[in-house]
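This is what each chain is made of:
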Amino acid sequence: MERPYLKIDHVSKTFQRGGAVSEVLKDVTLVINKGEYVSVIGHSGCGKSTLLNMVAGLLPVTSGAILLEDREVNSPGPDRAVVFQNHSLLPWLSVYDNVKLAVDKVFSGTRSRAERHEWNMHNLELVQMAHAKDKRPGEISGGMKQRVGLARALSMEPKVLLLDEPFGALDALTRAHLQDSVMQIHASLGNTVIMITHDVDEAVLLSDRIVMLTNGPAAHVGEVLEVGLVRPRKRLELVSNSQYIKAREGVLKFLYERHRFVEAA
Amino acid sequence: MSLPLFKNDEPLVKPAARVLSLPARLQKRNLTFGPILRKIATAVVPPLVTVIALLLIWQILCDKPGATLPAPTVVWKEAKDLIVDPFFVYGTQDVGLGWRVLVSLERVGIGFGFAAVAGILVGCLIGQSDWAMRGLDPVFQVLRTVPPLAWLPISLAAFRDSSPSAIFVIFITAIWPIIINTAVGIRNIPMDYRNVAAVLRLNAFEFFYRIMIPSAAPYIFTGLRIGIGLAWLAIVAAEMLTGGVGIGFFIWDAWNSSRLPDIVVALVYIGLVGFVLDRMVGFLGNLATRGTAAS
Ligand SMILES: Nc1ncnc2c1ncn2[C@@H]1O[C@H](COP(=O)(O)OP(=O)(O)OP(=O)(O)O)[C@@H](O)[C@H]1O
Ligand SMILES: [Mg+2]
């Protein structure tokens, strides 16, 4: 087998505030191959965002290490682009300029102005947002904002794309629409993706593997499920697919039988 | 503050809906002009009535023998040239109030300009760095309570000249609200924007003008607006003491030569200019922060 692309190696995270120490993640180990789509699922507050932010470099690890192509991750950078849960577009910039900020920053040395413009538009077209390029984020819908956030992340040509509940705040229809977009983009670009989600169906539909975290505190990888469904996947055909149903059942059992959410925790 | 008035006016457009049921063409002309005229009228008439009423009361109170203050008619009679021609020049010290206001405005412009630049930079520093905050904030909280004029003797001693002293007083008066509001704005930059900047590896300068300034702009303009108001308050007082051609000294001079009507006219000028300054900064703020409020 090939060398691991992204390696999360015995990573633990504790937060310290005043005298209080809380151990959020303990000994999380995970190896992700190039081009793989991995979902992380777990109950609220178990430390999913914390894990993703550490891969992004936005939070330091307490112990252990995160290696991307054998190099340790210890600061944020455009090779690990994040799509945040609440889009986090800059409201004073137009849709085009939000993407431009990223494109200019990443490619100012290597591409001409015209090439950058083309690349900018290419990414907006990829998420079907080119028509709204001059609108401000305040003037477009939540789903559209997430699309632009995705375009911004894709435009950096990241080695790893990090999605923190990218569709969490959207209605079911918009959600399905965006999931299809992400599937298409993943199929054509072959990105390596880590996606956090609460949604079992979403995880099974999109991922190659589903990583299930145990409940916090001191959450760790409880189980990893290989989805193994062939791509391209069609939402409607999967409904009655036995493999799909089995995968779904596996995740549900993990979440609601073995690691039921305890209110007090 | 006229904003609520403006909003109340909006329902006035409603009659346009009636067009559907009224096929007559004549009605259309009324509808296009009616709302605009009425809008103007609702904005102008109430303050006009208030002013007339105030003038009347003032006239009644001061229009008797032995009154200590001049009545409006007396002001009009004795200070007519000041009122009708703001830009006359009869001699180096005998110029229209328009010129005097311009001289004062120049001082305010310089002092306030420095205060704006320095205030925003220092505010950014305090907002961004916990250590700068801990070190500077207590000192600033004390200094900002010092009344503007209390700075004047020190600045006169330091600059040995009245004009830079007056400018310094403006600077020191206007800078505190700018610093404090900017710092609050910087502290309130959402973590998400900081994360975006971190992922993009924006350098300090890019972060400053791409994220900090636009994100904190509403706060910064609040500070600037308070600052310009204070600066205008302070210039009049400072000029009373430092002399020169400004509007503040004019009042002091008029008082010394017992020209009360002139003082009344000068007060009106000061009020109007202060009002315009406030509105200008407010307008610029609205213009600059159009997109920032919505997310
Ligand atoms: N900066 C911090 N300081 C202290 N504790 C923190 C900090 N950030 C997160 N935590 C704690 O770490 C735990 C995990 O938080 P995290 O945001 O990673 O959860 P999550 O799995 O993403 O939850 P959700 O699904 O609700 O987004 C929580 O209990 C939270 O209180
Ligand atoms: Mg989270």
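Residues numbered from 1 in each chain as written. Chains lettered and ligands numbered in written order. Predicted model: local features only at pLDDT ≥ 70, side-chain atom pairs only at ≥ 80, totals over all residues. Heavy atoms only, no water.

## Some thoughts on the side chain of glutamate 165 of chain A
Residues and elements named next belong to chain A. You can see glutamate 165 is positioned in the loop between β7 (160–164) and α5 (172–189). Buried glutamate 165, no salt bridge; nearest opposite-charge side chain is lysine 48, N-O distance 4.8 Å. Each residue touching glutamate 165, except ones within four places of it in the same chain, is listed here: Lys48, Gln85, Ile196, Thr197 and His198. (Helix = DSSP H or I, 4+ residues; strand = E, 2+ residues; numbered from the N terminus. Buried < 20%, exposed > 50% of the residue type's maximum accessible area, 1.4 Å probe, protein only. Lys, Arg positive; Asp, Glu negative; His and termini not counted. Salt bridge = Lys/Arg side-chain N within 4 Å of Asp/Glu carboxyl O. Contact = heavy atoms within 4.5 Å.)

## Side note on the site of ligand 1
Residue and element names in this part refer to chain A. In the neighbourhood of ligand 1, the contacting residues comprise Phe15, Arg17, Val24, Ser44, Gly45, Cys46, Gly47, Lys48, Ser49, Thr50, Glu165 and His198. Serine 44 has a polar side-chain atom sitting 2.7 Å from an oxygen atom of ligand 1. Histidine 198 places a side-chain nitrogen or oxygen 3.1 Å from an oxygen atom of ligand 1. Of all the secondary-structure elements, those providing two or more residues to the shell around ligand 1 are β1 (6–17) and α1 (48–56). With three residues, α1 is the largest single contributor of residues to the shell around ligand 1. Classifying every residue of the shell around ligand 1 by side-chain character gives three nonpolar, six polar and three charged. (Near = heavy atom within 4 Å. Polar contact = N/O pair within 3.5 Å; in protein donor to acceptor, adjacent residues only side chain to side chain. Nonpolar A, V, L, I, M, F, W, Y, C, P; charged D, E, K, R; others polar.)

## Description of the interface of chain A and chain B
Counting residues at the interface gives 24 residues for chain A and 20 residues for chain B. Across the interface of chain A and chain B, roughly 2,000 Å² is buried in total on both sides, 67% from carbon and sulfur atoms. On the chain A side of the interface with chain B, the three residues burying the most area are Trp92, Leu101 and Lys105 of chain A, jointly 32% of the side's total. Seen at the junction of chain A and chain B, the total is one salt bridge. One salt bridge connects glutamate 206 of chain B with lysine 105 of chain A, and the closest N-O pair in it is separated by 2.7 Å. Only β6 (80–83), α2 (95–107) and α4 (142–155) of chain A provide two or more residues apiece to the side of chain A that touches chain B. Of the residues belonging to the side of chain A that touches chain B, the class tally is 14 nonpolar, five polar and five charged. (Buried area = accessible area lost by both parts, 1.4 Å probe.)

## Observations concerning a nonpolar patch on the surface
Among the surface-exposed residues, Phe33, Ile36, Leu37, Ile40, Val44, Leu48, Ile52, Leu56 and Ile60 of chain B lie close enough to one another that they form a single nonpolar patch of about 920 Å² accessible area. Looking at the element boundaries, isoleucine 36 of chain B is found in helix α2 (residues 26–62). (Patch = residues over 30% accessible without salt bridge, like charges linked within 9 Å, V, L, I, M, F, W, Y side chains within 5 Å. Areas by Shrake-Rupley, 256 points an atom, 1.4 Å probe, with all protein chains shown as cover.)

## A word on unusual backbone geometry
All names here are of chain A. The residue after arginine 231, namely proline 232, is reached through a cis peptide bond having omega -5 degrees. Structurally, the position occupied by proline 232 is in the loop between β10 (221–226) and α7 (235–238). A positive phi angle, close to 60 degrees, is found at glutamine 128, a residue other than glycine. The residue glutamine 128 is located in the loop between α3 (113–126) and α4 in this model.

## Some words on the sheet that holds strand β2 (residues 20–32) of chain A
All names here are of chain A. In space, the four strands of this open sheet follow the order β2-β1-β4-β5, with antiparallel pairing throughout. Every other strand in the sheet has two partners, leaving β2 and β5 (71–72) as the edge strands with one partner each. Inspection of the sheet shows strand β4 (residues 63–68) paired to β5 by two bridges, in the antiparallel sense. The partner of leucine 67 across the bridge, within β5, is glutamate 72. (Pairing = 2+ DSSP bridges.)

## A few points about the sheet that holds β7 of chain A
All names here are of chain A. Spatial strand order, β6-β7-β8-β3-β9-β10: six strands in an open sheet with mixed pairing. Of all strands in the sheet, those with a lone pairing partner are β6 and β10, marking the two edges. Strand after strand, the sheet turns through a mean of 20 degrees between neighbouring axes, direction not considered. (Axes fitted to C-alpha atoms, helices over the stretch in contact; angles between N-to-C directions.)

## Side note on the pairing of strand β8 (residues 192–197) of chain A
Residues and elements named next belong to chain A. Of all six residues in β8, six are buried; the element is thus mostly enclosed. In β8, alternate side chains face the same way, and those of Thr192, Ile194 and Ile196 on one face and Val193, Met195 and Thr197 on the other are all buried. As defined by bridge partners, strand β3 (residues 37–41) adjoins β8 across five bridges and the pair is classed as parallel. Bridge assignment links tyrosine 37 to a residue of β8, and that residue is valine 193. Bridging between β7 and β8 involves five bridges; their strand directions are parallel. Note on β8: the bridge partner recorded for leucine 161 is valine 193.

## Things to note about the pattern of salt bridges
Residues and elements named next belong to chain A. A complete count under the given rule lists 18 salt bridges over all chains for this structure. With its nearest N and O atoms 3.5 Å apart, the salt bridge here joins aspartate 134 to lysine 133. A residue is classified by how much of its surface remains accessible, and aspartate 134, at 58% relative accessible area, is exposed. Lysine 133 gets classed as partly exposed once you look at its relative accessible area, which sits at 26%. Salt bridges sharing partners connect three or more residues here, namely Lys100, Asp104 and Arg116.

## Quick word on the packing of aromatic side chains
Across all of its chains, the model carries nine aromatic pairs over all chains by this definition. Between phenylalanine 107 of chain A and tryptophan 119 of chain A, the ring centres sit 6.2 Å apart and the planes meet at 85 degrees, which makes this aromatic pair edge-to-face. Of this pair, phenylalanine 107 of chain A sits in helix α2 while tryptophan 119 of chain A sits in helix α3, and the two are twelve residues apart along the sequence. What makes phenylalanine 107 of chain A buried here is its relative accessible area of 7%. On the basis of relative accessible area, tryptophan 119 of chain A is assigned to the buried category, the value being 16%. Here the aromatic rings of phenylalanine 88 of chain B and tyrosine 90 of chain B are separated by 4.4 Å at their centres, their planes lie at 25 degrees, and the arrangement is stacked. Connected via pairs of aromatic rings, a cluster forms that spans Trp151, Phe159, Phe168 and Phe171 of chain B. In this structure, arginine 111 of chain A packs its charged tip against the face of phenylalanine 107 of chain A, placed 4.0 Å from the ring centre. For the cation-ring pair, lysine 133 of chain A lies above tyrosine 96 of chain A, with the distance from its terminal atom to the ring centre recorded as 5.8 Å. (Phe/Tyr/Trp six-rings, centres within 6.5 Å; stacked < 30°, edge-to-face > 60°. Lys NZ or Arg CZ within 6 Å of the ring centre and 35° of its normal.)

## Looking at the environment of proline 91 of chain A
Residue and element names in this part refer to chain A. Summarising the element assignment, proline 91 is placed in the loop between β6 and α2. Among the residues examined, proline 91 registers a relative accessible area of 1% and is labelled buried. With 46 residues separating them along the chain, proline 91 and proline 137 place their C-alpha atoms 5.5 Å apart.

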